[in-house]
Amino acid sequence: MVTITASYTVIPQESTPQGCLWLSDIDQVSRFRHTTTIYIYKPTQNPENAIETLKNSLSKILVHYYPMAGRLYYTEGARLELNLNAKGAILLEAKTTKTIHDYGDFSPSDSTKELVPLIDYNQPIEDIPLFVVQFTRFQNNDEGFAIGVAFFHLLSDGVGAIRFINSWAKIARGETLGANELPFLDRTLLKFSHTPVEPHFEHMELKPLPLILGRTDTSEERKKKTSATLLRLSPEQVEGIKKKANEYNMKKKGSRGFSRFEAIGAHIWRCASKARELGENQQSVVRFGADIRSRMIPPLPKNYFGNALTQTAAKGYVGEITSKPLGDVSQMIREAIEFASDEFIRSQIDIIRGFEHLDDARALFLGGEGDKFPYVGNPNFHLTSWMSMPVYEADFGWGKPAYFGMASVFPHDRAVILRSPDEDGSVLVCLHFQIAHLELFKKFFYEDI
């Protein structure tokens, strides 16, 4: 059991710009919830002044990342904007009656969820803090502690969120940020004044998702419970999956090898399709995001702080996903990634802009929980890759985290691919999957390598 022992409102150490911050159309359709993650630390000496270190450094980093201290509010057409009122972030101090070993491998669960802040979404949106962090000591102080983060997704994607955390940690260590480490906060780079034009693309990623054959809706699948587990791939297994996928490419002269994401993503989609034991004529869509920072023309600044993801998707039949060579499935994912060009991204933004009421646009994206949002579970799947994110650079002065991961179980089938804390090329797959099919998924996951 976790008990909150203290709560602090942390405001920027210096005065920051006031007024409102325009949020892009991509921000508007991002997940309308906080993303919760945990960092586990096992320092050789437990710092007694950890809370003061976190509090002081947070007030300093909020000077640079002042939108984090603001609050959201609605404007016409359910559009959200950010009030730069410096109401602050929230820092919670907590203790748990459990030891570090009681949490096992820290895979998402009701137990792990205790280590991240609980957000009250029943209060007015103008009162909801956008960044809340919880510092929890384990029962035995010498074992270490957890830092649980709740980061409102409308503020930024994972790239921006991790950059913020790492910058905060750098300041906590007594260092200063270089000019190239400061966030680029102006989102009007993605503000277009032309009248939205008709889409030039099919935009399969925004079309209604396939249903299980014979079904008319997703109500039955939504009722089924999901569970989460961590699946580790050694460096050798990662290379084995890539080699298996690239057997397809060897037949094509001049073809470049598949990336880790293309190969592992295809492997996961295939295992999910096998484990569900659906008919071979069943259609399945895998959705995922692509970073647009370098895809836009001109490109966005590398330190752009905001949501810079475009949704894309691959579609196939269960029969081909499960029986064709892994390279064929990897190619389907590659083609979906390559489809996300500057023209495609602008077309997708125009679709959002074409709605008078943004709640109607949000219903097309992976923007929330509940019946009005797409259900990306059986027979479909949701992939996320955090492999490129430097999550283990979050050293606040007591060493790098021993573990980083998600805290909560998703209600639909999803996999988040993470780098391992070993930093040796191994990978962790945080799998959220229907309990009824989970064991069979794990069986195929390792057998098929």
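Above this text sits the structure in question.
The rules we used
- Residues numbered from 1 in each chain as written.
- Predicted model: local features only at pLDDT ≥ 70, side-chain atom pairs only at ≥ 80, totals over all residues.
- Heavy atoms only, no water.
- Core = buried A, V, L, I, M, F, W, Y, C linked by side-chain atoms within 4.5 Å.
- Buried < 20%, exposed > 50% of the residue type's maximum accessible area, 1.4 Å probe, protein only.
- Helix = DSSP H or I, 4+ residues; strand = E, 2+ residues; numbered from the N terminus.
- Contact = heavy atoms within 4.5 Å.
- Polar contact = N/O pair within 3.5 Å; in protein donor to acceptor, adjacent residues only side chain to side chain.
- Axes fitted to C-alpha atoms, helices over the stretch in contact; angles between N-to-C directions.
- Left-handed = near helix turned anticlockwise from the far one by under 90°.
- Nonpolar A, V, L, I, M, F, W, Y, C, P; charged D, E, K, R; others polar.
- Salt bridge = Lys/Arg side-chain N within 4 Å of Asp/Glu carboxyl O.
- Pairing = 2+ DSSP bridges.
- Parallel < 35°, antiparallel > 145°, perpendicular 65-115°, else oblique.
- Phe/Tyr/Trp six-rings, centres within 6.5 Å; stacked < 30°, edge-to-face > 60°.
- Lys NZ or Arg CZ within 6 Å of the ring centre and 35° of its normal.
- Expected span 1.5 Å × (residues − 1).

### Focus on the nonpolar core
With 72 residues, the main nonpolar core has F131, I147, F164, W168 and F396 as its most contacted residues. Per element, the largest residue contribution to this core is eight residues, and it comes from helix α4 (residues 158-172). The residues contacting F131, other than those within four sequence positions of it, are L58, M68, A89, I90, V149, A150, F151, F164, I165 and W168.

### Some thoughts on the side chain of S24
On the secondary structure map, S24 appears in the loop between β2 (20-21) and α1 (25-28). With a relative accessible area of 0%, S24 lands in the buried category. Of note is the side chain of S24, whose polar atom sits 3.3 Å from the backbone nitrogen of I26. Leave out the neighbours within four places in its chain, and S24 touches R79, R187, L190 and N307.

### As for the packing of helix α7 (residues 260-275) against helix α9 (residues 326-338)
At a closest axis distance of 8 Å, the pairing of α7 and α9 adopts a crossing angle of 115°. The hand of the α7/α9 crossing is right-handed. Note on element contacts: α9 touches α7 through L326, V329, S330, M332, I333, R334 and I337, opposite F261, E262, A263, G265, A266, H267, W269 and R270. Per-class residue counts for the contact of α7 with α9 are nine nonpolar, three polar and three charged.

### Topic: the pattern of salt bridges
All told, the structure shown has 25 salt bridges when counted by the stated rule. Of the charged contacts, one joins E52 and K55 as a salt bridge, the two residues approaching to 3.1 Å between their closest N and O atoms. With E52 and K55 both in helix α2 (residues 50-64), this residue pair falls three residues apart, about one helical turn. Taking relative accessible area as the criterion, E52 reaches 39% and is therefore assigned partly exposed. Residue R334 is joined to E262 by a salt bridge in which the shortest nitrogen-to-oxygen separation is 3.0 Å. Of this pair, R334 sits in helix α9 while E262 sits in helix α7, placing them 72 residues apart in sequence. Shared partners join several salt bridges into a network, and the residues in it are R215, E220, E221 and K224.

### Brief notes about the sheet that holds strand β1 (residues 2-10)
In space, the six strands of this open sheet follow the order β1-β6-β7-β8-β3-β13, with mixed pairing throughout. For this open sheet the edge positions go to β1 and β13 (403-406), each flanked by a neighbour on one side alone. Sheet twist, expressed as the average angle between the axes of neighbouring strands with direction ignored, equals 20°. Contacting β3 (34-41), β7 (131-137), β8 (145-152) and β13, α4 crosses the sheet at an angle of about 55° to β7.

### Quick notes on the packing of helix α6 (residues 235-246) against α9
Taken N-terminus to C-terminus, the directions of α6 and α9 make an angle of 90°; their axes are 6 Å apart at the nearest point. Taken as axis vectors, α6 and α9 run roughly perpendicular relative to one another. Contact residues: I241, K244 and A245 in α6; L326, G327 and S330 in α9. For the contact of α6 with α9, a count of residues per class yields three nonpolar, two polar and one charged.

### Examining the environment of A228
Looking at the element boundaries, A228 is found in strand β9 (residues 226-233). Take A228: its relative accessible area is 11%, and that puts it in the buried class. For the pair A228 and K324, spaced 96 residues apart in sequence, the C-alpha separation works out to 28 Å. Not counting residues up to four positions away in its chain, the partners in contact with A228 are S107, P108, V409, L431 and H432.

### Here's the deal with the packing of aromatic side chains
Both the distance between ring centres and the angle between the ring planes are used here to describe each pair of aromatic rings. The full count for this structure, using the stated rule, is 31 aromatic pairs. Seen from their ring centres, Y39 and Y41 are 6.5 Å apart, and the 20° between their planes marks the pair as stacked. Each member of the pair, Y39 together with Y41, is buried. Both rings, one in Y65 and one in F305, keep their centres 5.0 Å apart while their planes meet at 80°; by these two values the pair is edge-to-face. Placement of the pair is Y65 in the loop between α2 and β4 (71-74) and F305 in the loop between β10 (283-291) and β11 (309-317), with a sequence separation of 240 residues. F305 shares its class with Y65; the two are buried. Positioned over the ring face of Y121 is R33, at 4.1 Å from the centre of the ring. Residue placement shows K55 over the ring face of Y8; its charged tip is 4.0 Å from the ring centre.

### With respect to the environment of C430
Here C430 shows up in strand β15 (residues 427-434). Among residues more than four places away in sequence, those in contact with C430 are P108, T229, L230, R414, A415, V416 and L418.

### A word on helix α10 (residues 342-353)
In this model α10 runs 16 Å from its N-terminal to its C-terminal C-alpha over 12 residues, within 8% of the 16 Å that 1.5 Å per residue would give. Among the 12 residues in α10, nine count as buried, and that is most of the element. Buried residues along α10 sit against α1, β11 and α11 (358-362).

### Things to note about the sheet that holds β2
The antiparallel open sheet is built from three strands, whose spatial order is β2-β5-β4. With one partner strand each, in any of the chains shown, β2 and β4 form the two edges of the open sheet. Bridging between β2 and strand β5 (residues 80-83) involves two bridges; their strand directions are antiparallel. Looking across to β5, one finds that C20 is bridged to N83.

Note that all results are geometric; they support no functional claim without further evidence.
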